[in-house]
Amino acid sequence: SGSGFRAGAAVVDMTPAVGYCAGQYCDTTSLFEGLQGGDIDPYLHATLKQTSTGVQSRLTARAVVIEGPDGTRIALVKTDNYLAQDLLLRRVGQLLRGGDSGIGYEQILHTASHAHSTAYSSSLAVGLFIFQDVFDARFFEHQARRIAEAIETAAAGLRPAAMGATVVPHRIFKGNVVGLATADDGTPAGYPREFGDLDLTVLRFDDISDPARPTPLAIWVNFGQHPEGLDGYDMHSADFLAPLERFVDRETGAALI
């Protein structure tokens, strides 16, 4: 905290339209079945994959914008995306140019939740089409506009703030999907478990507009766990992150990012 340090936070819904493939577990396309008389999505949201049937939990773009005493601003952003994507952030930077957030492409630190039940039709990378679906310009633009909105809203709500940070070690199981292995020549191979991140890193921001009564504003957390526990239900979901965010938001009164 100190003279001139400010922060603002925002949460924006970025749930895609029902119809887009709901993540990595989508079955192959039902388009041909539809052409033979079955159900079909008239908007053709899904191409190579099965259309989604509903929403299990809303997906969000969450941002905290921080301004230092010298006026420099940065944005810490989380999205319920399968992957982080540079092209998407470059489009966000273009959209932000029309506003007064003070944030551009180079001031964004973006973290994607990597939930496996979230749609991801914003990449031109052919390899990803195996796990998700082909590029859809409507999906790409919707994502970019929601992320930009979260940043702009957070910047518009800047207020005097204090920040604290801590690291909490834990022994919750962490391991890479590769796992441990032994090579053909008997040497260790695979992915050693000690390489896992066994720290829970927390930044907390408090609103100190009234220094005598600070109030929680935002909580930024880095917790490396793989949200892929729902299998193929064909419903959009943020997996365990949605209830985690809801519980922390409710108990602290601050937005969990």
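Our structure is the block above this text.
All values reported here derive from a predicted model rather than from experimental measurement.

Procedures and definitions
Residues numbered from 1 in each chain as written. Predicted model: local features only at pLDDT ≥ 70, side-chain atom pairs only at ≥ 80, totals over all residues. Heavy atoms only, no water. Disulfide = S-S within 2.5 Å. Buried < 20%, exposed > 50% of the residue type's maximum accessible area, 1.4 Å probe, protein only. Pairing = 2+ DSSP bridges. Helix = DSSP H or I, 4+ residues; strand = E, 2+ residues; numbered from the N terminus. Salt bridge = Lys/Arg side-chain N within 4 Å of Asp/Glu carboxyl O.

Draft legend 1. The arrangement of the state of the cysteines in detail. Across all of its chains, the model carries 1 disulfide by this definition. The disulfide partner of Cys21 is Cys26, and the S-S distance across this bridge is 2.1 Å. Here the S-S torsion is close to 105°, and the disulfide linking Cys21 with Cys26 is therefore right-handed. Cys21 sits in the buried class, given a relative accessible area of 2%.

Draft legend 2. Spatial organisation of the sheet that holds strand β10 (residues 215–222). An order of β5-β4-β3-β1-β6-β9-β10-β12 is seen for the 8 strands of this open sheet, with the pairing classed as mixed. Both outer strands of the open sheet, β5 (108–112) and β12 (255–256), are each paired with one neighbouring strand and no more. Of the strand pairs in this sheet, strand β4 (residues 73–79) and β5 are connected by 5 bridges, and their pairing is parallel. Of the residues in β5, the one forming a bridge with Thr79 is Ala112.

Draft legend 3. Representation of the pattern of salt bridges in the model. In this structure the tally under the stated criterion is 15 salt bridges. The partner of Glu67 in a salt bridge is Arg6, and the shortest N-O contact between them spans 2.8 Å. Here Glu67 is found in strand β3 (residues 60–67), whereas its partner Arg6 is found in strand β1 (residues 6–13), with 61 residues between them in sequence. Looking at Glu67, the relative accessible area reads 11%, which means it is buried. Close ionic contact of Arg159 with Asp207 constitutes a salt bridge, the shortest N to O distance being 3.6 Å. Placement of the pair is Arg159 in strand β6 (residues 159–169) and Asp207 in strand β9 (residues 199–207), with a sequence separation of 48 residues. The exposure class assigned to Asp207 is buried, which follows from its relative accessible area of 11%.

Everything listed here is a matter of geometry and, on its own, says nothing about what the molecule does.
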